[in-house]
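One letter stands for each residue in the lines below.
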Amino acid sequence: MASQEQRNVSSHTEEEQLDDTPQPTPAPESGTGQGATSGVDDLLDEIDGVLESNAEEFVRGFVQKGGQ
Amino acid sequence: MGAETEYGIHTPGTNTFNATWLSTQVVHAYSLETGHRAAAGGETRWDYTDEDPLADARGWVVPRENAHPSQLTDVEPELTAAQIALEGGETLDRSAPLMMNMVLGNGARLYVDHAHPEYSSPEVTNPLDAVRWDAAGDLVALAAVRRIAATPGLPAINLYKNNTDNKSVSYGSHENYLMPRELPFKNIVTGLTPFFATRQLICGAGRVGRGQDGSGTGFQVSQRADFFEAEVGLETTIRRPIINTRDEPHATSEKYRRLHVIIGDANLSQVSNYLKFGTTALVLDMIEHGTAPEVALADPVATLQAVSHDWELGQTHLLSDGRRLRALDIQWCYLEAATAHAAANGSSHPTSGDGHTAAVLARWEQVLTLLGSDPMALAGQVEWIAKLKLLQQYRARDSMGWRDPRLALIDLQWSDIRPEKGLYYQLLQRGAMERLLPDDAIAGAVEQPPEDTRAFFRGKCIQHYGPNVVGASWDSVIFELPSQRRLQRIPTKEPLRGTKELTGVLFESSPDAATFLGRLLAGPH
């Protein structure tokens, strides 16, 4: 697990550097008070809980045959 | 109008299975799930008699030998050994049935289209019903997924309501609209192309990645835009055109054409799906009556893709007359023309109007206004903005670049049809996505057909007399009665007949198929 975390972090850094398009600033949430921010964090924490594990492998494995 | 949804299909942890075989398992699982069984306990077969996929709306027919194999949708598909060998992959139990086609009791069709399960909704008369019976298809797919998950020996199958694997393959979600035959097809092309290049602003599903293989960095508005390469054409799997010319009316061909729209994204957001059908129907009505705005793009395919890539909504696009307009401005041109058109013909009148036109116009205006001032305020309505907001929240919390694999996962998992996994459903459950329909209305549409089209007749035939129905299609139902040697094919060429009003009593009062057919063929229906 620990090594997985490590890999994610390092590939991150590399991708940040490779991105050639300017990074847009995430739009500020309306009402960025303490409450609103922690609401977002709660939401993301809950979604973290349902996300498939090992994102990279899961996305790589999603391969489709042709369609209309 | 009606919707067709092809689902992405995946067995997590392996891609060794044959995709077509997996799709047959979805159809088979649903046939076990539903009580609407046909003759001999199996599925109702599709009647291909009136299919004509090589007829081109511009006035010719493509010779069969010149057609791409994927265009030959008028023959019963068979999962042959050759096909499996070509496609590769495991099929597990070879003695199990390979079910390719079902007609459902709600009037829909569930079938295997190439390598995907596809749900084609029953015919409806308004955009809210289009949303309802399309969403019912997601519940049909979910029921199949649940059944498969509970079946020992089968791999777990996930279905995704999206349009690309981000590895160069795209699969569609199509719309169909009934139009008068006498309307020149070139008017449809002229009037519709600028609208189709820009309507993704209200109904794009959002995508992480650019280019057909998704290797380009960043977010874009539409799932499908990068897969379009032509302005007008007959194909749907290669050289995809903005305007598709397939001329298969599924109705009295002298009177009607069916406009087959292949450019849309699959929508989970009810508001985006509603606007997709509602605004397109309004634009088609304007084209029919010569009131569509005169806007012509200099390069429609390039503009379609530029609009999709410009999620910050700042770019302008070149028109044939040399002007440059933003995509949002082009949408406003259409909205203003539609508002005037509906006011003139009375369809948007608050009391004497049809009720749907005014609602679509009001929603369209609200969305365009916010797109111009505060797009993120539309995160509860417009699908690409909802997805973008979630992605941006992750980017902000974890300092992610656009190439972070977790963002690609969020994009994919957004469209997982299981509520406990699908991120759209996660937001819906939290009240972050607007419902236009209560959940029970959608659940009801899984069982029941719309009442105001011929889909009512088809669905009720399956519900009441399924064991005697051996085949059906959009424009026919075929009965086999034990007392008769010949099959009886009931044509249903008029989409607005076969309604509850016209046939409801007949179904209620006929205890069996023989009585029903006798009364149907004798009576003035």
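Because the structure is predicted, anything quoted here is derived from the model rather than measured.

Basis of the calculations
Residues numbered from 1 in each chain as written. Chains lettered and ligands numbered in written order. Predicted model: local features only at pLDDT ≥ 70, side-chain atom pairs only at ≥ 80, totals over all residues. Heavy atoms only, no water. Contact = heavy atoms within 4.5 Å. Buried area = accessible area lost by both parts, 1.4 Å probe. Salt bridge = Lys/Arg side-chain N within 4 Å of Asp/Glu carboxyl O. Polar contact = N/O pair within 3.5 Å; in protein donor to acceptor, adjacent residues only side chain to side chain. Helix = DSSP H or I, 4+ residues; strand = E, 2+ residues; numbered from the N terminus. Nonpolar A, V, L, I, M, F, W, Y, C, P; charged D, E, K, R; others polar. Axes fitted to C-alpha atoms, helices over the stretch in contact; angles between N-to-C directions. Parallel < 35°, antiparallel > 145°, perpendicular 65-115°, else oblique. Left-handed = near helix turned anticlockwise from the far one by under 90°. Buried < 20%, exposed > 50% of the residue type's maximum accessible area, 1.4 Å probe, protein only. Pairing = 2+ DSSP bridges. Core = buried A, V, L, I, M, F, W, Y, C linked by side-chain atoms within 4.5 Å. Expected span 1.5 Å × (residues − 1).

Student: I'd like a description of the interface of chain B and chain A, backed by residues and values.
Tutor: By a widespread convention, an interface's size corresponds to the accessible area lost as its parts come together. With 62 residues of chain B in contact, the opposing surface of chain A contributes 34 residues. Interface area for chain B against chain A, summed over the two sides, is near 4200 Å², with a carbon-plus-sulfur share of 57%. Where chain B touches chain A, the interface holds 5 salt bridges. The salt bridge involving arginine 397 of chain B is made with aspartate 48 of chain A; its shortest N-O contact spans 2.9 Å. Counting every contact that joins chain B to chain A gives 13 residue pairs in polar contact (both at pLDDT 80 or more). Among the elements of the structure, strand 2 (8–10), strand 9 (158–160), helix 10 (383–398), helix 11 (405–413) and helix 12 (423–429) of chain B are those that each provide at least two residues to the side of chain B that touches chain A. The greatest single-element share of the side of chain B that touches chain A, amounting to 9 residues, is contributed by helix 10 of chain B. Grouping the amino acids of the side of chain B that touches chain A by side-chain chemistry returns 21 nonpolar, 21 polar and 20 charged.

Student: Please provide a residue-by-residue account of the packing of helix 3 (residues 127–149) of chain B against helix 6 (residues 270–289) of chain B, values included.
Tutor: The relative placement of two packed helices is expressed as an angle between their axes plus a distance between the axes. Residue and element names in this part refer to chain B. It is at 8 Å that the axes of helix 3 and helix 6 come closest, and there the two elements cross at 130 degrees. Taken together, the axes of helix 3 and helix 6 lie oblique to each other. In this structure, helix 3 meets helix 6 at a crossing whose hand is right-handed. For the pair helix 3 and helix 6, contact is made by Pro127, Leu128, Ala130, Val131 and Asp134 and by Gln270, Asn273, Tyr274, Phe277 and Gly278, respectively. By residue class, the composition of the contact of helix 3 with helix 6 is 6 nonpolar, 3 polar and 1 charged.

Student: Talk me through the environment of valine 27 of chain B; I want residue IDs and the actual numbers.
Tutor: Residue and element names in this part refer to chain B. Within the secondary structure, valine 27 is located in helix 1 (residues 19–33). Taking the C-alpha atoms as reference points, valine 27 and valine 208, separated by 181 residues in sequence, lie 30 Å from one another. Beyond its immediate sequence surroundings of up to four residues, valine 27 is in contact with Met99, Met100, Asn101, Met102, Leu110, Tyr111 and Val112.

Student: So what about the environment of proline 69 of chain B? Which residues, and what values?
Tutor: Examined against the element boundaries, proline 69 of chain B turns out to sit in the loop between strand 5 (60–61) and helix 2 (81–87). Overall, the relative accessible area of 64% leaves proline 69 of chain B in the exposed class.

Student: Account for the sheet that holds strand 1 (residues 2–6) of chain B, with residues named and values stated.
Tutor: All names here are of chain B. One open sheet accounts for 6 strands, arranged 6-7-8-1-10-15; its pairing is antiparallel. Looking along the sheet, the strands with just one partner apiece sit at the ends: strand 6 (101–103) and strand 15 (256–261). Direction aside, the axes of adjacent strands within the sheet are offset by 20 degrees on average. In terms of strand pairing, strand 6 meets strand 7 (residues 109–113) through 3 bridges, oriented antiparallel. Counted as the bridge partner of valine 103 is arginine 109 from strand 7.

Student: Break down the environment of arginine 489 of chain B for me, citing the residues and quoting the values.
Tutor: Residues and elements named next belong to chain B. Mapped onto the secondary structure, arginine 489 falls in strand 20 (residues 488–491). Note on arginine 489: relative accessible area 33%, which makes it partly exposed. Put simply, arginine 489 and tyrosine 256 are 233 residues apart on the chain and 21 Å apart in space, counted from C-alpha to C-alpha. When neighbours within four sequence positions are excluded, arginine 489 is seen to be in contact with Asp47, Thr49, Asp50, Ser476, Val477 and Ile478.

Student: Mind laying out the sheet that holds strand 20 of chain B, listing which residues take part and the relevant values?
Tutor: Strand pairing within a sheet occurs via backbone hydrogen bonds; the two strands may be parallel or antiparallel. Residue and element names in this part refer to chain B. As summarised here, the arrangement of the 4 strands in space is 3-18-19-20, forming an open sheet in which the pairing is mixed. Each end of this open sheet is capped by a strand with a single partner; those strands are strand 3 (45–46) and strand 20. As judged from the 4 bridges shared by strand 18 (residues 469–473) and strand 19 (residues 476–479), these two strands associate in the antiparallel manner. Each residue of the ladder has a partner; that of serine 473, found in strand 19, is serine 476. Running at roughly 20 degrees to strand 19, helix 14 (residues 455–465) makes contact with strand 18, strand 19 and strand 20 of the sheet. Of the strands in this sheet, strand 19 and strand 20 are in contact with helix 16 (residues 513–522), which crosses strand 20 at around 50 degrees.

Student: An account of the side chain of glutamine 381 of chain B is requested, with residue identities and associated values reported.
Tutor: All names here are of chain B. You can see glutamine 381 is positioned in the loop between helix 9 (356–373) and helix 10. Residue classification places glutamine 381 among the buried positions, given a relative accessible area of 8%. Among residues more than four places away in sequence, those in contact with glutamine 381 are Ser269, Val271, Ser272, Arg363, Gln366, Val367, Met433 and Glu434.

Student: Give me the nonpolar core: which residues, what numbers.
Tutor: Residues and elements named next belong to chain B. In this structure, Leu192, Trp364, Leu371 and Trp384 are the most contacted members of the largest nonpolar core, which totals 133 residues. For this core, the leading source of residues is helix 3, giving 12 residues. When sequence neighbours within four positions are dropped, the list of residues in contact with leucine 192 reads Ile243, Leu259, Val283, Leu284 and Ile287. Counting residues in each nonpolar core, the second largest holds 21 residues, with Trp46, Val103, Ala472 and Phe516 among its members.

Student: Kindly report on helix 10 of chain B, identifying the contributing residues and their values.
Tutor: Residue and element names in this part refer to chain B. Taking 1.5 Å as the rise per residue, helix 10 with 16 residues should run 22 Å; its terminal C-alpha atoms sit 23 Å apart, in good agreement. With 13 of 16 residues buried, helix 10 is to be regarded as a mostly interior element. One or two positions beyond helix 10, positive phi appears at serine 399, with a value near 50 degrees.

Student: Outline the packing of helix 1 of chain B against helix 3 of chain B, listing residues and values.
Tutor: All names here are of chain B. Packing of helix 1 against helix 3 brings their axes to within 8 Å, and their N-to-C directions diverge by 95 degrees. Comparing the axis directions of helix 1 and helix 3 gives the class roughly perpendicular. Contacts between helix 1 and helix 3 involve Gln25, Val26, Ala29, Tyr30, Leu32 and Glu33 from the former and Val140, Ala143, Ala144, Arg147 and Ile148 from the latter. Here the residues of the contact of helix 1 with helix 3 are counted per class, giving 8 nonpolar, 1 polar and 2 charged.

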